[in-house]
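Structural characterization, general
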Amino acid sequence: MASEGNDRGSILSANTDNHQPLSTEQLKLKGLIIESLQNQGFEFRDNKFFLPEGCDKSQIRLLHAQATQHKMQQRKNGLIRHESRLLKRIASGREVIPEKIKPKLVEVHPRTEDELLFRYASLHWSIPVSSGYGRRLRFLIVDQSNDSYCLLMNIVAM
């Protein structure tokens, strides 16, 4: 499985805006990117990145561990002051009674408490969440069976 490589070219092979050779600075950056991804365990061949052969889910998580940690370090300062409040909205195992679960899908809107919760929860995924392009739909799946308020069960992004 290749990552972001395609037949239309890639930043790793050419300057795709004007098809000029890469500058010395771009070549240096290309080398640093390739070296970093290879150090994480990705394979680079034919100007594309691949997962190692026979990679299972736990190995894929390990491949992404450095990127996940980096993203967490970048974002944690903005969320740390909200952590104790957000943790109260995340269901723990003892709070979940499977027979009583009433799941509810909640759309996440910008600049809301739900957005903070989504951002906080996504930082703890083992695979980094892409910011993506265009309109992004984000949802919380909450259990509304709890008397106090809905507890987070999962998050979804498309």
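We now turn to the structure provided with this report.

What counts and how
Residues numbered from 1 in each chain as written. Predicted model: local features only at pLDDT ≥ 70, side-chain atom pairs only at ≥ 80, totals over all residues. Heavy atoms only, no water. Pairing = 2+ DSSP bridges. Helix = DSSP H or I, 4+ residues; strand = E, 2+ residues; numbered from the N terminus. Axes fitted to C-alpha atoms, helices over the stretch in contact; angles between N-to-C directions. Phe/Tyr/Trp six-rings, centres within 6.5 Å; stacked < 30°, edge-to-face > 60°. Buried < 20%, exposed > 50% of the residue type's maximum accessible area, 1.4 Å probe, protein only. Lys NZ or Arg CZ within 6 Å of the ring centre and 35° of its normal. Expected span 1.5 Å × (residues − 1). Arc of directions from axis to C-beta. Contact = heavy atoms within 4.5 Å.

This part takes up the sheet that holds strand β5 (residues 138-143). Strand order across the open sheet formed by three strands is β4-β5-β6, with antiparallel pairing between neighbours. Looking at which strands have only one partner, the edges of the open sheet turn out to be β4 (103-107) and β6 (151-157). Here the strands of the sheet are splayed against their neighbours by 25° on average, with no regard to which way each runs. Looking at chain direction, β4 and β5 are connected through five bridges and run antiparallel. By the bridge assignment, Glu107 is partnered in β5 with Phe139.

Enumeration over the complete set of coordinates arrives at one aromatic pair. Ring geometry for Phe44 and Phe49: centres 4.7 Å apart, planes at 45°, overall tilted. Since its relative accessible area comes to 22%, Phe44 is described here as partly exposed. Sitting above the plane of the Phe50 ring, Arg45 keeps its charged end 4.1 Å from the centroid. Its end group placed over the ring of Phe118, Arg138 keeps NZ or CZ at 5.4 Å from the ring centre.

Let's shift gears to helix α1 (residues 24-40). Within an α-helix, residues lying three or four positions from one another point in the same direction, as the helix has 3.6 residues per turn. Look at α1: 24 Å from first C-alpha to last across 17 residues, which is about the 24 Å you get at 1.5 Å a residue. For α1, the set of buried residues is Lys30, Ile34 and Gln40. One face of α1 carries all of its buried residues, which in axial projection span an arc of 125°. Across from the buried face of α1, at angles greater than 90 degrees, the exposed residues are Thr24, Glu25, Lys28 and Asn39. With its phi angle positive at about 115°, Gly41 sits one or two positions after the end of α1.

Structurally, the position occupied by Glu115 is in helix α4 (residues 113-123). Classification of Glu115 as buried rests on a relative accessible area of 15%. A C-alpha to C-alpha distance of 9.1 Å links Glu115 and Leu140, two positions 25 residues apart in sequence. Residues in contact with Glu115, not counting those within four places in the same chain, are Val108, His109, Pro110 and Arg138.

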